[in-house]
Amino acid sequence: MKYSRPRGTRDFLPGKMAARRYVEQKILGVFTRFGYKEIATPTFEHLELITAKSGEDIIAHLYHFKDKGGRDLALRPELTAPVMRLYVNELQNQQKPLRLCYFGNCFRYERPQAGRYREFWQAGAELIGSATPEAQAEVIALASAVLKELGLSDYELHIGNIGILRKILAENGVGEEEQAHIMGVIDKGDEAQLQEELGRLQLPQRERDVIYGVLELNGRRGEVIKRAEALLAGREVVLKELRSFEEILDALESFGVKNYHLNLGIARGLDYYTGMVFEIYAARLGAEKQICGGGSYSLAEVFGGKPVATSGFAFGFDRLLLALEREGINLPDTERVLFMVIPFGEEYLSRAIEVASLLRRSYACELEVMRRKVKKALAYADARGIPYVILVGEEIKAGKVLLKDMQAKEQREVDVEDLEDVLAAIAGGNP
Ligand code: AMP
């Protein structure tokens, strides 16, 4: 092969692309029903925007380049930063809350593996301008509604709250920047490094034990909260954070989302998360099982805006599709061609084109363009699984065509005038 695809990218063939569009539309449909409005941002941004949010370390994971004007640009690795840039530039003065959603491709220079690509798609939503428990719960409920709509059932929703760890660190005099750094280490899951970092901060052993204790709090609500209360006894500020977390959970349950795990070990690497965080895992995906990540954050000020409480999430769209596939969920064939128009020879070609044009106003319809004999064209229709063929021949002189049912192997004459009604009846019975 002379030209292959760049590593970590994919081509989407017919059928696959239809499935992707179907899922995309379903997701956007749920977003719309929750009142979220779609926006789109450029595929590349100033490199600075990305590093302002994620730090210089992210450069190793980016596709970045200088354009001909010498500007440093990067292909977007995710969409939260672009969305918040857009918010700061264009929407800051609008009434709150703002509910925004997006669907777009993202690029990361990573080692490709199953479920991890260099070009992948994210579908996400951001609720800007409210820090209430119900606003934070709404975004989790929205992510969960998407999965329900798609029929995915084998997944786990894990909800955490980094505010608890942050407050414990703050009580020990650890500043915000350092807190964020520790969160990053926890997110990486590197226990040795965590030990080292906590050692460097010279936290007393008792405090370290509390931190490790919090990281292990994982399970059903009642039990986790009980253990957390025991662990955090006497720390009023931290307990207050736990109470507000419970208010989010109460609201979430009112939204009908009850099947979740509390997991206070979720840290989510980036600096700007403030409290609630959540992740959704599809176990069938193996190592790259996280299909969704999100939480409550404060980012506008990083881009020169006024601070504004925001909650949001992003689905890894490709992983979502993989999860649906692994669960054996069949997606409808939205590109199914029901009809094919075949002329009996060149003489009837122009009439066949007219009939096909008429049908194409309402249905997916093929037209014979290979000038094959009828028999060959019928064999093609059969091989393609096209269930009905409209043959245009001498009957057209009397305003009629032949409608052939490929499966029943029957054909009948239909007036061209009635054709639309006849086909509507057929199409109605062929969802
Ligand atoms: P993040 O922006 O890192 O929180 O990622 C959000 C979601 O995007 C993750 O939960 C994944 O499902 C998905 N994701 C992240 N990186 C990749 C990748 N390289 N390939 C495919 N999906 C990804």
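What you are looking at is a predicted structure, and each value in this text was computed from that prediction instead of being measured.

> Would you mind showing me how to read the overall build of the protein here?
Regarding its fold elements, the protein presents 14 helices and 17 strands. Computed over its C-alpha atoms, the radius of gyration of the protein comes to 28 Å, more than 25% above the 22 Å expected for a compact globule of 431 residues. Taking the principal axes of the C-alpha coordinates as reference, the protein spans close to 95 × 55 × 45 Å. Here the protein holds 431 residues, and the buried ones make up 51% of them. Sequence separation of at least 24 residues holds for 67% of the intrachain contacts in the protein that already meet a minimum separation of 6. The protein carries 58 positive and 64 negative side-chain charges, and their two centres are separated by 4 Å.

> Which parts of the structure should I look at to understand the sheet that holds strand β1 (residues 37-38)?
Whether parallel or antiparallel, the strands of a sheet pair through hydrogen bonds between backbone atoms. What the nine strands build is an open sheet, ordered β1-β5-β6-β12-β11-β10-β7-β9-β8; its pairing is mixed. Only two strands of the sheet have a single neighbouring strand rather than two, namely β1 and β8 (218-219). When strand β11 (residues 290-297) meets strand β12 (residues 310-316), the two strands line up antiparallel, connected through six bridges. Across the sheet, residue Tyr297 finds its bridge partner in β12, namely Thr310. Set on the sheet, helix α3 (residues 80-91) makes contact with β5 (98-107), β6 (119-128), β11 and β12; between it and β5 the angle comes to about 135°.

> Help me understand the side chain of Ser144 in this model?
Within the element layout of this structure, Ser144 appears in helix α4 (residues 133-150). Contacts of Ser144, omitting those with residues within four sequence positions, involve Tyr155 and Val257.

Cut-offs used in this document
- Residues numbered from 1 in each chain as written.
- Predicted model: local features only at pLDDT ≥ 70, side-chain atom pairs only at ≥ 80, totals over all residues.
- Heavy atoms only, no water.
- Helix = DSSP H or I, 4+ residues; strand = E, 2+ residues; numbered from the N terminus.
- Rg over C-alpha atoms; globule rule 2.2 N^0.38 Å.
- Buried < 20%, exposed > 50% of the residue type's maximum accessible area, 1.4 Å probe, protein only.
- Contact = heavy atoms within 4.5 Å.
- Lys, Arg positive; Asp, Glu negative; His and termini not counted.
- Charge placed at Lys NZ, Arg CZ, Asp CG, Glu CD.
- Pairing = 2+ DSSP bridges.
- Axes fitted to C-alpha atoms, helices over the stretch in contact; angles between N-to-C directions.

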